[in-house]
Amino acid sequence: MSAVRVLVGTRKGAFVLTSDGKRDRWDVAGPHFAGWELYHVKGSPADPNRIYASQSSSWFGQLIQRSSDGGKTWEPVGNKFSYDGVAGTHQWYDGTPHPWEFKRVWHLEPSLTDPDAVYAGVEDAAMFHSTDGGQNWSELSGLRGHGSGPHWTPGAGGMCLHTILIDPSNPKRIFIAISAAGAFRTGDAGKTWKPINQGLRSEHIPDPTAEVGHCVHRIALHPTRPGVLFMQKHWDVMRSDNAGDQWHEVSGNLPTDFGFVIDVHAHEPDTIYVVPIKSDSEHFVPDGKLRVYRSRTGGNEWEALTDGLPQRDCYVNVLRDAMSIDSLDPCGVYFGTTGGQVYASANAGDSWTPIVRDLPAVLSVEVQTLP
Amino acid sequence: MIRVVLPPHLRTLAKVSGEVTVDVSGQVTQRSALDALEARYPMLRGTIRDHDTHKRRAFVRFYACEEDLSHESPDAPLPDAVASGEEPLLVIGAIAGG
């Protein structure tokens, strides 16, 4: 019988939530790495027992942990992330040049086929790669060396490379996103990169349609249709039907088009999910109601999913890496909140139940569908 | 042989309890002490000082013999009492506050 394992990164440790395929009874294990920030925990598609975790703290910096037994035990692996060559400068908040400085790993994306190969997206924005299970990391410096690099500027949360999507039909094609530079695409496994931000409009930059400078919060794709991308931008939910060459807005009837997460149904490539958030300053759900919005039309037409979610006095956020979808049928949808709840839907979002209610603030949620 | 007291998170990482002891060859300085510590416990590399520059991380301090040695040269000799093992070198994580 199938099972699922939900990997949760929080402000104060990692948790592993497991259930059988019914997804109605859960075991909660953790905290692992208690007291540390776990920005991301993700398993290898090639070997689900191989899991990578980004562990960091303001005091003691960055660690990478690796598990080979599905998250029961862990070992620290390489934590040296050195920029390739002369690091150079990017723009600081005030527009002055600022040296590139490594701060933390935001996102770990294991290879689709090799459990020992994994990408890391870091702050200050750069992409690293390991082919030895995380022991050694080398920068794919063609990204940061892209001509626009000196003009990248951090968002309020830091200049982070937070999203890495590998095209299953061509693993050399990778999409990434950086706050607040925008989205980029490589077709040669990271040697060269192209900004893919045409069609985005951002009023916080001098030229609202500039090649770079857009605060992309998250992008998503369906593995059977990797040329179609969905994006939650700082404002605006966007869609591209040509692998990012051109974007168009699909915010439609959302109560607010600000948010962080966006994800795609496991079996319906045009069914997508977002969690609208009130902004610019509040960063909690509108009207005290926690609502996931689902579009079955690839955007523009959205329905609120509220069954089982708090509809009063709720003021949490759902951060960019904190939603994930399993591949069972019907697919399960999972998300975590800054209030420490992890909600699960075993019916593609129709109804929700909390798996746990009182974890530290949730930074990331990833689900593994196990045989 | 010198004694080093690590902050709790680094004791957990290094899988040790209480203070640790390491052999230091040559003059006992912050640099030689940390080199020996990291050689014995490689998982600590990058957590106390930067991998490349060896600069002390901002939220980490070094105390010994009731003195704050954080801003001493990494190559300055540590107090005789630390070098002899009579007193430990304390690696301190800044207090969180609040």
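Residues numbered from 1 in each chain as written. Chains lettered and ligands numbered in written order. Predicted model: local features only at pLDDT ≥ 70, side-chain atom pairs only at ≥ 80, totals over all residues.

**Section: the overall build of chain A**
And step 1. Helix and strand counts for chain A stand at one helix and 30 strands.
And step 2. Its C-alpha atoms give chain A a radius of gyration of 19 Å, within 12% of the compact-globule value 21 Å for 371 residues.
And step 3. Each of the 371 residues in chain A was classed as buried or not, and the buried ones make up 53%.
And step 4. Looking at chain A alone, contacts between residues at least 24 apart form 50% of all its contacts between residues at least 6 apart. (Helix = DSSP H or I, 4+ residues; strand = E, 2+ residues; numbered from the N terminus. Rg over C-alpha atoms; globule rule 2.2 N^0.38 Å. Buried ≥ 20, exposed ≤ 12 C-beta atoms within 10 Å, placed from the backbone. Contact = placed C-beta atoms within 7 Å.)

**Quick notes on the overall build of chain B**
And step 1. The secondary structure content of chain B amounts to three helices and five strands.
And step 2. Sequence-ordered secondary structure for chain B, helices as α and strands as β, is β-α-β-α-β-β-α-β.
And step 3. Against the compact-globule benchmark of 13 Å for 98 residues, chain B has a radius of gyration of 12 Å, which places it among compact chains.
And step 4. Split into buried and exposed, the 98 residues of chain B put 28% on the buried side.
And step 5. For chain B, restricting intrachain contacts to residue pairs at least 6 apart in sequence, the fraction spanning at least 24 positions comes to 55%.

**Observations regarding the sheet that holds strand β26 (residues 323-325) of chain A**
Residues and elements named next belong to chain A.
And step 1. Read across the sheet, four strands follow the order β26-β27-β28-β29 without closing on themselves; strand pairing throughout is antiparallel. Looking along the sheet, the strands with just one partner apiece sit at the ends: β26 and β29 (353-356). Across this sheet, the average inter-strand angle for adjacent strands is 25 degrees, counted without regard to direction.
And step 2. In this sheet, strand β27 (residues 333-336) lies alongside β26 in antiparallel orientation, the contact comprising three bridges. Bridge pairing in β27 places Ile325 opposite Val333. (Pairing = 2+ DSSP bridges. Axes fitted to C-alpha atoms, helices over the stretch in contact; angles between N-to-C directions.)

**Quick look at the sheet that holds strand β25 (residues 303-305) of chain A**
Residue and element names in this part refer to chain A.
And step 1. Pairing is antiparallel across the open sheet formed by four strands, whose spatial order is β22-β23-β24-β25. Each of the sheet's edge strands pairs with one partner strand only, and the pair in question is β22 (259-264) and β25. Put simply, the sheet's adjacent strands are angled 30 degrees from each other on average, direction ignored.
And step 2. Of the pairings in the sheet, the one linking strand β23 (residues 272-276) to strand β24 (residues 292-295) comprises three bridges and is antiparallel in character. Across the sheet, residue Val274 finds its bridge partner in β24, namely Tyr293.

**A word on helix α2 (residues 30-40) of chain B**
And step 1. For α2(B), every residue scored as buried is listed here: B:Gln30, B:Ser32, B:Ala33, B:Leu34 and B:Leu37.
And step 2. On the buried face of α2(B), the contacting elements are β1 (2-5), β2 (20-22), β3 (60-64) and β5 (89-93) of chain B.

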